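# Working through the structure, step by step
Chain by chain, the residues:
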Amino acid sequence: MNYQKVYGITGPVSVAGPTAPENKLNDALIQELKKEGSFETEAETAKRVEILKILQELAQNFVYQVSKKKNMSDGMAKDAGGKIFTFGSYKLGVHGPGSDIDTLVVVPKHIMREDFFTVFDSLLRERPELDEIAPVPDAFVPVIKIKFSGISIDLLCARLDVAQVPITLTLSDKNLLRNLDEKDLRALNGTRVTDEILELVPKTSVFRIALRAIKIWANRRGIYGNVFGFPGGVAWAMLVARICQLYPNACSAVILNRFFKIYSEWKWPQPVVLKPIEDGPLQVRVWNPKIYAQDRSHRMPVITPAYPSMCATHNISDSTKKVILSEFERGIKVTNDIFSNKQSWNNLFEKHDFFHKYKFYLTVAVTTKGDDEQHLKWTGLVESKLRLLVLKLEALAGINIAHPFFALFGTTYCYDNENDVQNILENYGSHKTENKLQNLIKITDDNKEDESLKEKAKMYLTTMYIGLDVNVENKKEKVDIHIPCAEYFNLCRNFNEEFQDNNIFSLIIRYVKLYDLPSEVYDEGERRPIKKKTSKRTKENDGDAGSKRPKSDARSADTASTKAIGQTAAA
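Residues numbered from 1 in each chain as written. Predicted model: local features only at pLDDT ≥ 70, side-chain atom pairs only at ≥ 80, totals over all residues. Heavy atoms only, no water.

Attention shifts here to the UniProt feature "domain: Poly(A) polymerase central" (unreviewed entry) in the protein. Under the present numbering, the feature "domain: Poly(A) polymerase central" (unreviewed entry) in UniProt falls on residues 206-351. Secondary structure over residues 206-351 splits into 49% helix and 0% strand, and the C-alpha atoms at its two ends are 25 Å apart. (UniProt positions renumbered as here; feature names shortened; annotations may be inferred. Helix = DSSP H or I, 4+ residues; strand = E, 2+ residues; numbered from the N terminus.)

Right, here's the structure in full:
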């Protein structure tokens, strides 16, 4: 009798291996992933390895320098160590071209978090490979965000209650978590969770191909990103891992089909768990809806396997849950069609229709008259609080869904005077008025290295969008969104004294109609929605309901139909 290891908290649904037609579909899936650019080249992989070597050297140098400042001998300072760990998509083996690297710097007990944001920050700034840096010490998980040799890297730091961190250290021992504060625990959790996921799947090669496909699908369909109320990379990985446990011998193509079938029928808020939730040596909260009311409020809980278990999807709102479930429904229909040869894998990865879907949108525009580092910090704060605005909006009578878009739109303009600044603030973000900005210089990949522009004053803009599904039974009734917008505005403005300077930081919240969305939200050549004519005479000639976004276009300078709901004075 063949014995097969049981993965997860239940036995498998099926232990059947793939059939010949399923293997053929699996080969087609891998070819489609290659077309989609999911895999990076050997040279790109080697570049990441080289960068991680540099970061390892910097980590050891960082610990050495701080140790010497604390009067340790040269030998003790060297022995104090310091080690870099990776987690997220890179550690899972599903990273692609342009993916960031999630990185953790583990240090011994005499190194403080403040040292990380001073000494290590300085070491990074000395490196010629550094392109961008944005320290965020006040984040839920403190982080230094950098771009290093063109690759984005999130650097976390965790301090263990040990005297030395040797290069051979692993993080599997739960006792290493003793005497740590919550921020250190959260920083360590990413690496520990990633390690456990890889141990809990039957076949890592099948898991990785399926996860690559789900990541592309979730990005194309606009449902990726924890900060916006959707599952992030780790949550999607755990969701895929659970299906792999239930079908341990299936190929990746079958895993995808079962993924959509099972989760479209899942009895939420029943949690998705990869192994029994463990107790441990710490007096810390472990996810338990029987004890904690907050845990009972989680709408689509996906629970991390590493102790202390947490919910990776606590940010999901009623609105984003509806959006996710509708995409699961679409996913099962498309994959069923693929298995019956009616559609192909590229149909699964078709782009979302977010900017065609709603009548009304809320735009949250973050602007900075300063440097790019200041703008990154200001944008990061506003972005991190956006889900709170979604929660406030979806609680209003008359709003069925407040659907946040999962990506940001960034633009930078050069300006000469305050008239230019006012012009940008008043006219940016609307199709009707964006042509009024054509006389201003916009920073692009082509001109960003121009010496003549480097000394010019710049205004950085980042825009976030929320689609509003409004349902008012009585047409005369109006949905008043001023109060939630004002509350969100004040929350962001007053969060940190630094951001209260109106001369540098602005936050503008407007609603805009579908037909007035700016050109930047549509891809080149994409057909944008056009308002249909209402007169009978023009209706007959109005067969084409949309127009494509051309490469460059001059538009009439109509008055903006956007309405500012809350904004700062941009002095």
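It is worth spelling out the environment of Y511 at this point. Structurally, the position occupied by Y511 is in strand β10 (residues 505-513). Taking the C-alpha atoms as reference points, Y511 and Y465, 46 residues apart in sequence, are found 9.4 Å from one another.

On to the packing of helix α7 (residues 204-220) against helix α8 (residues 233-246). For the pair α7 and α8, the least separation of the axes is 10 Å and the interaxial angle reads 135°. Classified by the angle between their axes, α7 and α8 sit oblique to one another. Where α7 crosses over α8, the two elements pack in a sense that is right-handed. For the pair formed by α7 and α8, the contact residues are F207, A210, L211, I214, W217 and A218 on the first element and W236, A237, V240, A241 and C244 on the second. Within the contact of α7 with α8, the residues separate by chemical class into 11 nonpolar, no polar and no charged. (Axes fitted to C-alpha atoms, helices over the stretch in contact; angles between N-to-C directions. Parallel < 35°, antiparallel > 145°, perpendicular 65-115°, else oblique. Left-handed = near helix turned anticlockwise from the far one by under 90°. Contact = heavy atoms within 4.5 Å. Nonpolar A, V, L, I, M, F, W, Y, C, P; charged D, E, K, R; others polar.)

Core analysis: the largest hydrophobic core is formed by 101 residues, its most contacted members being F207, W217, W236, F259, Y263 and F355. Among residues more than four places away in sequence, those in contact with F355 are Y361, F405, F409, Y465, L514, L517, V521, Y522 and P529. I54, L55, V107 and L155 belong to the second-largest nonpolar core, a separate cluster that totals 31 residues. (Core = buried A, V, L, I, M, F, W, Y, C linked by side-chain atoms within 4.5 Å. Buried < 20%, exposed > 50% of the residue type's maximum accessible area, 1.4 Å probe, protein only.)

On to the packing of helix α1 (residues 20-35) against α7. Two numbers describe a pair of packed helices, the interaxial angle and the distance between the axes. Between α1 and α7, the least distance of the axes is 11 Å, while the angle of their chain directions is 50°. Relative to α7, α1 is oriented oblique. Where α1 crosses over α7, the two elements pack in a sense that is left-handed. Of the residues in α7, those in contact with L29, I30 and L33 of α1 are I209, R212, A213 and I216.

Moving on: the sheet that holds strand β5 (residues 151-159). Spatially, β1-β2-β5-β4-β3 is the arrangement adopted by the 5 strands of the open sheet, whose pairing is mixed. The two strands at the open ends of the sheet, each matched to only one other strand, are β1 (83-87) and β3 (130-136). Between one strand and the next, the sheet's axes are offset by a mean angle of 25°, whatever the strand orientation. As paired strands, strand β2 (residues 101-107) and β5 are joined by 7 bridges and run parallel to one another. Along β5, the bridge assignment pairs I101 with I153. Across the sheet, helix α5 (residues 113-125) lies against β2, β3, β4 (143-148) and β5, angled at about 170° from β3, the strand it touches most. The sheet strands contacting helix α6 (residues 182-199) are β1, β2 and β5, and the helix crosses β5 at an angle near 120°. (Pairing = 2+ DSSP bridges.)

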